[in-house]
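In case you want the letters, here they are:
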Amino acid sequence: MCCQGCRAAAEWIEQLGLAGYYDLRTAPAPKPTDQDHDSWRNADSARHVIRDLGAGRRETLLLIDGVRCTACVWLIERALGAMPGVVSVQVNAVARRARVIWQESKVTLPQLLQTLSRAGYGALPLDARGLDDLRRNESRDALKRLLVAGFGAMQAMMYATAIYLGAVETLDATTLELLRWLGLLVATPVVLYSARPFFAGALRSLKAGRVGMDVPVALAIFAVYAASLLEAVRGTGEVYFDSVSMFVFFLLAGRFLEMRARHHARDLTDAFASLTPPFADRELDDGTLQRVGIHELRVGDRVRVAEGGIVPADGVLLTERCRVDEALLSGESAPVTKRRAELLIAGSVLEDGPVLIRIERVGADTALAGIAALVGRAHAERPRLQVAGELAAARFVARVLTLTALTAAVWTVIDPSRAFAAAVAVLVISCPCAFALAVPAALTRALGALARRRVLVVKPDAIQALAECTHALFDKTGTLTETSLSLADIQTFNGVGREEALGLAATLARESRHPVARAISTAHPGMSGVAVSEVATHAGLGVSARVEGRALRLGRGDFAIHGATLAVEYDDAVLLADDKGPIAAFRVGERLRADACAAIAALQAQGVTVLIASGDAESRVSSVAARLNVDAWRARALPADKLAWLTELRAGGARVLAVGDGVNDAPVLAGADVAIALAEGAELTQASSDIVLAGGRLDVIAPARAIAQRTLAIVRQNQRWALFYNLSAVPLAALGFIPPWLAALGMSLSSLGVILNALRIGRDDTVQRATQSRSSPAAACPRPAS
Amino acid sequence: MNILLLLIPISLLFLAGAVWAFFWAVNHDQFDDLDTPGLLPLGDSDKREEPRP
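Each chain has its residues counted from 1, following the order in which its sequence is written. Labels follow written order: the first chain is A, the first ligand is 1, and so on. Whole-chain, interface and lining totals are the exception, using all residues; otherwise, since this is a predicted model, local features are given only for residues with pLDDT of at least 70 and side-chain atom pairs are given and counted only at 80 or more.

(A) Structural detail: the overall build of chain A. In this description a helix means any DSSP run of H or I spanning at least four residues, a strand means any run of E spanning at least two, and both kinds are numbered starting from the N terminus. Within chain A one finds 28 helices and 27 strands. Put simply, chain A has 786 residues, and 42% of those count as buried. In this scheme the burial state of a residue depends on its C-beta neighbours within 10 Å: 20 or more other such atoms mean buried, 12 or fewer mean exposed, and anything in between means partly exposed; the C-beta positions come from the backbone.

In structure tokens form, the structure reads like this:
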């Protein structure tokens, strides 16, 4: 138990018979933040988030903070479900949402939030419009169409095999006829039901006056189906119901995966909603406070923010001074001191308070909303690869259609009776079976190989971009360095021993949870067996206590030595002092990740230019850059500056890989060719990143790039093979030289070859090569000077 | 080959049955969340107690 709160929560969980939580959980939960739930009693605020289902039943959608592992889902469902009046609870772990229906007469929204808070989860009711079923219907629809196409394709293939085999052995005409009609029977739902989105899409784009991706697809489906239908009715020639069903199935499968990724991405971007508080305390003219919903704030309002509170909207400081954590905007963990009339930005956390601010910008005008918009815009600009792929596919189909028309025209001149059959043969044998498998087989294999190394690829497009990247742009704080601070330097006064000074400081630091104090107490366990009394923590200043009768203070310079003046050089240091004067000065610094050196050296060995862009001070960035031997760096860079640099690099022809972890990286990550986020970083970054490093290790980037390059090579081999197969098979089929069974055999063997080739990805030799290239330069990496 | 006349209709019936079952499952929330329900059997469900006031 780390604190009283945890003990209380554990006891409460035990009482409810929910102790199974501790058996199930795989990650410790964060401490809940105190939230003001009673404000939701205000009918005006609640109206936005609660939907009335009639008969006293209410429904709301909660965005739940702190769902770390799936055990949390279990706890949330049990905790809420055990409350009287709760009708149903549905938690989705991936989207971090809970849909709750309750009887209003028995339980209220604040009580629900209170229960969640006691279980350790912050919950934010989302806009009731999020409850609409649009998305659910879309995903259900897609699933049904996919399944019908899959079943249809399987059955049609079965009948087609019988027909092909019938060409070898003898099959009587009646059975052949029957098999054709059966093919028609199973392919009809596939074309009329499953393929409807393609027809609808084609119609839409034709109405809009352009030829979209769906037009050739719809044409191909229609042509093959209509031709086969005609053949079945006439009882002559070949039917291609299997091919048309397979075609529809493969296309739908691709779209289904894409839809899933899109939904998932949208879930995560909603996390912006939880960065600002839902309420603010507005100060009225008579000095009293009025609690209002954040959407009611107007420019010019005076708002009070308590210590540890979150600034609700951009505003200027009216009180003397305060310290805020602007990690949101700058990504740097050290708090910033603001003085009167300076601007505080929405979403930043107040380290000491309370303060009064005058609202300057609200809603969509705030800096936070600006970051969100940047992410959104970068997202909108992204799918170049996707567009290129679709264009290539559309071109391929268009060429096939041209070839088909050409074949039909030529045969009409030579022998009109065979024109139709030959044209359809071309359309079908070129139906990209090996093409369709070439990319997905290799990608699926690569995704699996990467996942085993704890590199999770969110967008499969990223593999190509990762293989092709020429520059790697790293964020510094939290990416190359560890998020927690560490003790860098101790300077003692008046001949006090280092060990003694550190021991005293650690004894005091144990009492505070401030990051700096934690850095000191990690460096030394503190003195044992000494009498410590009168411990007091002074928010934003430091800790004071009496150790063995000696009054000690640890903290900011002006706090520690009480009014006495101090040299300017100790401005950024933490001082330990007693009544006589200063004892020691401590400086904390960032520690490089253990694998940062090796990771960067390995990337450079692969020929990648490594860059650092950081919002931090120039001196710190340059020292890190020198230690890591990177090619170029920029300090004091805001997200917009980083994005500008990125754009500049890309304009120069570079393909940029961005690695980061903070919220401020989101626009940069979204704007890069390929983005990698460390999983322990802010979750929002993961939303706009293509790849997530779940193990939090940087040295997997270079091996991952090696795998990506291998994948790309294999995709190219596969495509070349598919092209070779198609180029040799299509003309022969068009000339009528290839009997159906041989075509089927050739097609299966070519598909099999593609899959077997893909299985070579991620075998150990690839990784070993990457590891070898990593180990030697890593040894040459200079030790950090300290 | 006459056996086909029996076996094929049976296979088609199976197919129709499978499609119907799948549609039923989709319409009854079975595919909306594939991650969470896997955990539910891990708890002992019948030991639910009323929370203390």
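Read on for the rest.
(B) Region of interest: the sheet that holds strand β10 (residues 321–325) of chain A. Between any two strands, pairing holds if DSSP finds at least two bridges. If you walk across this open sheet you meet the three strands as β11-β10-β13 (chain A), and the pairing is antiparallel. Every interior strand has two partners, whereas the edge strands, β11 (336–339) and β13 (349–350) of chain A, have only one.

(C) The packing of helix α16 (residues 461–468) of chain A against helix α26 (residues 701–734) of chain A, seen in detail. Residues and elements named next belong to chain A. Orientation of α16 relative to α26, taken along the N-to-C sense of each, is 105°, at an axis distance of 8 Å. Relative to α26, the element α16 lies roughly perpendicular. The segment α16 lies against α26, with Ile 463, Gln 464, Leu 466 and Ala 467 engaging Ala 704, Arg 705, Ala 708, Gln 709, Thr 711 and Leu 712. Gly falls in the polar group here, along with every residue not listed as nonpolar (Ala, Val, Leu, Ile, Met, Phe, Trp, Tyr, Cys, Pro) or charged (Asp, Glu, Lys, Arg). Taken together, the residues of the contact of α16 with α26 break down into six nonpolar, three polar and one charged. To get an axis, a line is fitted to the C-alpha atoms, and for a helix only the part in contact is used. The angle between two axes follows their N-to-C directions and goes from 0 to 180 degrees. Here the angle decides the label: under 35 degrees means roughly parallel, over 145 means roughly antiparallel, 65 to 115 means roughly perpendicular, and every other value means oblique. Note that contacts rest on C-beta atoms placed from the backbone: two residues are in contact if these are within 7 Å.

(D) Molecular detail of helix α21 (residues 596–605) of chain A. All names here are of chain A. Among the ten residues that make up α21, eight are buried, leaving the element largely enclosed by the rest of the structure. For α21, the set of buried residues is Ala 596, Cys 597, Ala 598, Ala 599, Ile 600, Ala 601, Ala 602 and Leu 603. Positioned one or two residues after α21, Gly 607 has a phi angle of 90°, which is positive.

(E) Representation of the environment of Ala 599 of chain A in the model. All names here are of chain A. Residue position: Ala 599 is located in helix α21. Separated by 103 residues in sequence, Ala 599 and Ala 702 place their C-alpha atoms 6.7 Å apart. The contact partners of Ala 599, leaving out residues within four places of it in the chain, are Leu 698, Asp 699, Ile 701 and Ala 702.

(F) Fine view of the nonpolar core. All names here are of chain A. Leu 466, Ala 472, Leu 473, Leu 657 and Ala 672 are the most contacted members of the largest nonpolar core, which has 76 residues in total. Sort the elements by how many residues they give to this core and α26 lands first, with 14 residues. Ala 672 has contacts with Leu 473, Leu 646, Val 656, Leu 657 and Ala 658, leaving out every residue within four places of it along the chain. Under the definition applied here, buried Ala, Val, Leu, Ile, Met, Phe, Trp, Tyr and Cys residues are grouped into a nonpolar core through C-beta atoms within 7 Å.

(G) Representation of the environment of Gly 183 of chain A in the model. All names here are of chain A. Its place among the elements puts Gly 183 in helix α7 (residues 173–194). For the pair Gly 183 and Ala 232, spaced 49 residues apart in the sequence, the C-alpha separation amounts to 9.1 Å. Among residues more than four places away in sequence, those in contact with Gly 183 are Ala 156, Tyr 159, Ala 160, Val 239, Phe 241 and Asp 242.

(H) Focus on the confidence of the model for chain B. All names here are of chain B. Per-residue confidence for chain B gives a mean pLDDT of 75, with 62% of residues at or over 70. Contacts of residues 46–53 to residues separated by more than four positions or lying in other chains number eight contacts, the stretch itself having pLDDT below 50. Scored by ipTM, the complex comes to 0.80, with pTM at 0.51. Values of pLDDT, which run from 0 to 100, indicate the predictor's confidence residue by residue.

(I) Representation of the pairing of strand β6 (residues 279–283) of chain A within the structure. All names here are of chain A. Pairing geometry for β6 and strand β7 (residues 289–293), over five bridges, is antiparallel. Across the sheet, the residue bridging to Ala 280 is Val 292, located in β7. Following β6, the chain reverses through five residues before pairing antiparallel with β7; Gly 287 in that reversal takes a positive phi of roughly 90°. Two elements, β6 and strand β8 (residues 302–305), share two bridges in a ladder whose sense is antiparallel. Following the sheet pairing, Asp 281 is matched in β8 by Arg 304.

(J) Structural view of unusual backbone geometry. All names here are of chain A. A positive phi angle, close to 75°, is found at Ala 341, a residue other than glycine. Within the secondary structure, Ala 341 sits in the loop between β11 and β12 (343–344). Note on Ala 341: 9 C-beta atoms within 10 Å, which makes it exposed. The phi angle at Asn 629 is positive, at roughly 60°, despite the residue not being glycine. Topologically, Asn 629 is positioned in the loop between α22 (618–628) and β24 (632–634). By C-beta crowding, Asn 629 is classed as partly exposed, having 15 other C-beta atoms within 10 Å.

(K) Broad picture of the confidence of the model for chain A. Residue and element names in this part refer to chain A. In the predicted model, chain A carries a mean pLDDT of 73, and 67% of its residues have values of at least 70. Per-element confidence in chain A is highest for strand β16 (residues 471–474), whose mean pLDDT is 90, and lowest for helix α28 (residues 764–779), whose mean pLDDT is 45. Every residue in residues 30–34 is under pLDDT 50, and counting partners more than four places away or in other chains gives seven contacts. The model gives residues 681–686 a pLDDT under 50, and that stretch makes 24 contacts with residues more than four places away or in other chains.

(L) Inspection of helix α5 (residues 109–119) of chain A at higher detail. Residue and element names in this part refer to chain A. All buried positions along α5 are accounted for by Leu 109, Leu 112, Leu 113, Thr 115, Leu 116 and Ala 119. Buried residues of α5 fall within an arc of 155° about the axis and therefore sit on the same side. Gly 120 lies just past α5 and shows a positive phi near 105°. This arc describes the spread of directions from the helix axis toward the C-beta atoms.

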